[in-house]
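# Coordinate analysis (summary)
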Amino acid sequence: MNRRAIHSDRFSRCVFALCSLCLCGEPSSAQQIAVYPPDINLETARDRQSFVVQLTQPDGITRDVTEQSQVSFANPSLVRLDKFTVYPVADGTTEMSVTHGNQTVKVPVKVVRAKEDRPVSFKLDLMPVFMRAGCNQGGCHGAARGKDGFRLSLFGFDPDGDHYRLTREFNGRRVNLALPQDSLLLEKAAGKERYWPP
């Protein structure tokens with residue numbers, strides 16, 4: 001074997017070793033699970049909290065394993081679990097155990113005023129309805145100029161302005177306090193045939 005071939009062979013081995021180190025690296029740690037949010041606080045009967053279980057693989061890639069996880073509570077009389085959402089039942093503190101594979105994460109849970117019903121909130125109760133129905137998106141009333149004479153803030157970035165436009169901009173038209181059932185907001189949502197100006 002000539003000198004050039006020897007150097008070429010050594011160079012190839014070095015490159016192969018370097019690539020192996022880059023690809024394999026140091027031995028990585030085992031996979032880990034985490035629960036988000038890391039604690040649950042529920043206030044009043046209307047409150048609820050959904051959660052996500054995230055698995056971090058040895059290569060650093062994360063996956064949502066919520067559906068493959070098992071959930072239990074130290075005191076199940078305080079809360080109610082519906083799929084991956086926790087609802088209040090009674091006041092107190094407990095612990096939620098989330099298990100995936102051979103790992104378990106403990107999440108503290110606190111419930112206060114579970115029997116009290118809080119007032120309906122425009123920001124917490126109505127704004128999510130507009131978002132889910134697409135009312136405040138760019139193709140509907142969230143457009144820069146609105147639609148049919150009525151404008152909502154894009155994706156609800158200005159809830160106070162939206163509240164004003166619904167209740168005060170044209171008094172008695174969009175929300176009729178004297179005859180709530182005749183409010184334009186309800187008529188349009190129910191798909192009534194009667195025409196209402198915006």
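Okay, so let's go over this structure. None of these values were measured; they are calculated from a predicted model.

### As for helix H3 (residues 159-167)
Pro159, Gly161, Asp162, Arg165, Leu166 and Thr167 are the residues of H3 that are buried. The inward-facing, buried residues of H3 abut helix H2 (122-133) and helix H4 (184-190).

### Description of the pattern of salt bridges
For the structure on display, the rule yields six salt bridges. Its salt-bridge partner being Glu43, residue Arg113 comes within 3.1 Å of it at the nearest N-O pair. Of the two residues, Arg113 sits in the loop between strand E10 (103-112) and H2 while Glu43 sits in strand E2 (residues 40-43), which places them 70 residues apart along the sequence. By relative accessible area, Arg113 is classed as partly exposed at 37%. Exposure remark for Glu43: the relative accessible area of 42% places this residue in the partly exposed category. In this structure, the salt-bridge partner of Arg113 is Glu116, at a minimum N-O distance of 3.6 Å.

### Thoughts on the sheet that holds E10
The strand order across the open sheet built from four strands is E2-E10-E9-E6, with neighbouring strands paired in mixed fashion. The two strands at the open ends of the sheet, each matched to only one other strand, are E2 and strand E6 (70-73). Looking at each pair of strands side by side, their axes are set apart by 20° on average, direction ignored. Where strand E9 (residues 92-100) meets E10, nine bridges bridge the pair, whose relative direction is antiparallel. Bridge pairing in E10 links Val98 to Val105.

### Re the pairing of strand E8 (residues 85-88)
Residues Thr85 and Tyr87 of E8 are buried on one face, and the alternating residues Val86 and Pro88, pointing to the opposite face, are buried as well. Examined bridge by bridge, strand E3 (residues 49-50) and E8 share two bridges and lie antiparallel to one another. Across the sheet, Ser50 pairs through a bridge with Thr85, a residue of E8. Across four bridges, the pairing between strand E7 (residues 79-82) and E8 is antiparallel. Pairing of Leu81 across the sheet is with Val86, part of E8. Where E7 folds back on E8, the antiparallel hairpin that results is connected by two residues, among which Lys83 adopts a positive phi of roughly 60°.

### Looking at the side chain of Asn136
By secondary structure assignment, the location of Asn136 is in the loop between H2 and H3. By relative accessible area, Asn136 is classed as buried at 1%. Not counting residues within four places of it along the chain, the set of residues in contact with Asn136 comprises Met127, Phe130, Met131, Gly142, Leu152, Ser153, Leu154, Phe155 and Gly156.

### Here's the deal with the side chain of Ser69
Summarising the element assignment, Ser69 is placed in the loop between strand E5 (62-64) and E6. Given the relative accessible area of 10%, Ser69 is considered buried. At 2.8 Å, the side chain of Ser69 forms a polar contact with the backbone oxygen of Val65. With residues near it in sequence (within four places) discarded, Ser69 still touches Val53, Val98, Thr99 and His100.

### Re the sheet that holds strand E4 (residues 52-56)
Sheet architecture is open: three strands sit in the order E1-E4-E5, paired in antiparallel fashion. Because the sheet does not close on itself, it has two edges, and the strands there are strand E1 (32-36) and E5. Taking each pair of neighbouring strands and ignoring which way they run, the sheet shows an average axis angle of 25°. Note that E1 and E4 share five bridges and pair antiparallel. Directly across from Gln32, in E4, lies its bridge partner Thr56.

What counts, and where the lines are drawn
- Residues numbered from 1 in each chain as written.
- Predicted model: local features only at pLDDT ≥ 70, side-chain atom pairs only at ≥ 80, totals over all residues.
- Heavy atoms only, no water.
- Buried < 20%, exposed > 50% of the residue type's maximum accessible area, 1.4 Å probe, protein only.
- Helix = DSSP H or I, 4+ residues; strand = E, 2+ residues; numbered from the N terminus.
- Contact = heavy atoms within 4.5 Å.
- Salt bridge = Lys/Arg side-chain N within 4 Å of Asp/Glu carboxyl O.
- Pairing = 2+ DSSP bridges.
- Axes fitted to C-alpha atoms, helices over the stretch in contact; angles between N-to-C directions.
- Polar contact = N/O pair within 3.5 Å; in protein donor to acceptor, adjacent residues only side chain to side chain.

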